[in-house]
Amino acid sequence: MRFSCLLLLSLMLAACGGHTTRVIETPETRELKGWQKPYEVDGQRYQPMREHQGFSQRGVASWYGKKFHGRLTSNGETYNMYAMTAAHKTLPLGVEVRVTNQRNGKSIVVRINDRGPFVAGRIIDLSYSAANKLDIVEQGTAPVEVVALGYPQTKG
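Reading the values: the criteria
Residues numbered from 1 in each chain as written. Predicted model: local features only at pLDDT ≥ 70, side-chain atom pairs only at ≥ 80, totals over all residues. Heavy atoms only, no water. Helix = DSSP H or I, 4+ residues; strand = E, 2+ residues; numbered from the N terminus. Buried < 20%, exposed > 50% of the residue type's maximum accessible area, 1.4 Å probe, protein only. Contact = heavy atoms within 4.5 Å. Areas by Shrake-Rupley, 256 points an atom, 1.4 Å probe, with all protein chains shown as cover. Core = buried A, V, L, I, M, F, W, Y, C linked by side-chain atoms within 4.5 Å. pLDDT = per-residue confidence, 0-100. Phe/Tyr/Trp six-rings, centres within 6.5 Å; stacked < 30°, edge-to-face > 60°. Pairing = 2+ DSSP bridges. Axes fitted to C-alpha atoms, helices over the stretch in contact; angles between N-to-C directions. Polar contact = N/O pair within 3.5 Å; in protein donor to acceptor, adjacent residues only side chain to side chain.

Caption draft 1: Molecular detail of the overall build of the protein chain. The number of helices and strands found in the protein chain is two helices and nine strands. Each helix and strand of the protein chain, ordered N terminal to C terminal, gives the series α-β-β-β-β-β-β-β-β-α-β. By residue count, 43% of the 156 residues in the protein chain fall in the buried class. The long-range fraction of contacts in the protein chain, counting pairs at least 24 apart against all pairs at least 6 apart in sequence, stands at 67%. Carbon and sulfur atoms make up 51% of the accessible area of the protein chain, which amounts to about 8400 Å² in all.

Here you go:
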């Protein structure tokens, strides 16, 4: 069972762009869920954050669309390029973040449901819809600020 979970996680992380991915299993991380465990992509190690409070980051955003539409994301959802979601290397999956395009001041809220981007210098990979609302699609990238907001409130 544990092997199956690790294999599934590796496949999901690999879906983020065909990179070589390895989940790092240690005695300290044994009880964590697969997406909470440290992982390595193309020789670079990443440590997912346990908490999001106070997180803010500035850097370059990119977006991903049709090539990944319908594939599994790191949290096991099917990627929908029309949903307001994004990939981040270390933020907890499920947390919502405000992303502000530093060129035009436009701001959106997206939910982190995937890992990436695994391209040097980029901090967040937005869904097509999210990138479109920020006017990033044509340029492909833009300087942004990412601020963690918390987890979505459940309705009901």
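Caption draft 2: Highlighting the nonpolar core. In terms of nonpolar packing, the biggest core is built from 22 residues, with V97, V99, I124, L126 and V146 touching the most fellow members. Counting residues per element, the ones that place at least two in this core are β6 (96-101), β7 (107-114), β8 (122-127), α2 (128-133) and β9 (141-150). With four residues, β9 is the largest single contributor of residues to this core. Leaving out residues up to four positions away in the same chain, V99 has contacts with K106, S107, I108, V110, I124, L126, L134, V144, E145 and V146. Judged by nonpolar contacts, the second largest core, of five residues, contains F68, Y79, M81 and A87.

Caption draft 3: Quick look at the confidence of the model for the protein chain. Summarising the model, the protein chain shows a mean pLDDT of 84, and 81% of its residues fall at 70 or more. pLDDT under 50 marks residues 1-16. Its contacts with residues more than four places away, or in other chains, come to 31 contacts.

Caption draft 4: The packing of aromatic side chains, seen in detail. Under the definition given, this model contains seven aromatic pairs. Three or more aromatic residues joined by ring pairs make a cluster, and in this case those are Y39, Y46 and F118.

Caption draft 5: Expanded view of the pairing of β9. Where strand β4 (residues 56-64) meets β9, seven bridges bridge the pair, whose relative direction is antiparallel. Paired with Q57 across the strands is V146, a residue of β9. Inspection of the sheet shows β6 paired to β9 by six bridges, in the antiparallel sense. Counterpart to T100 in the pairing with β9 is E145.

Caption draft 6: Broad picture of the sheet that holds β7. One closed barrel accounts for six strands, arranged β4-β8-β5-β7-β6-β9; its pairing is mixed. Taken pair by pair, the neighbouring strands of this sheet meet at an average axis angle of 45°, ignoring direction.

Caption draft 7: Spotlight on the side chain of H88. Here H88 shows up in the loop between β5 (85-87) and β6. Here the side chain of H88 touches T90 through a polar contact of 3.1 Å, landing on its backbone nitrogen. Apart from residues no more than four positions distant in its own chain, H88 is found in contact with F55, Q57, I112, D114, R115, G116 and I123.

Caption draft 8: Structural context of the pairing of β7. Both β5 and β7 contribute to a ladder of three bridges, which runs parallel. What sits directly across from A86, in β7, is I112. Bridging between β6 and β7 involves five bridges; their strand directions are antiparallel. Note that in β7 the partner of T100 across the bridge is S107. Here β6 folds back onto β7 in antiparallel fashion, the turn holding five residues, of which G105 has a positive phi close to 80°.

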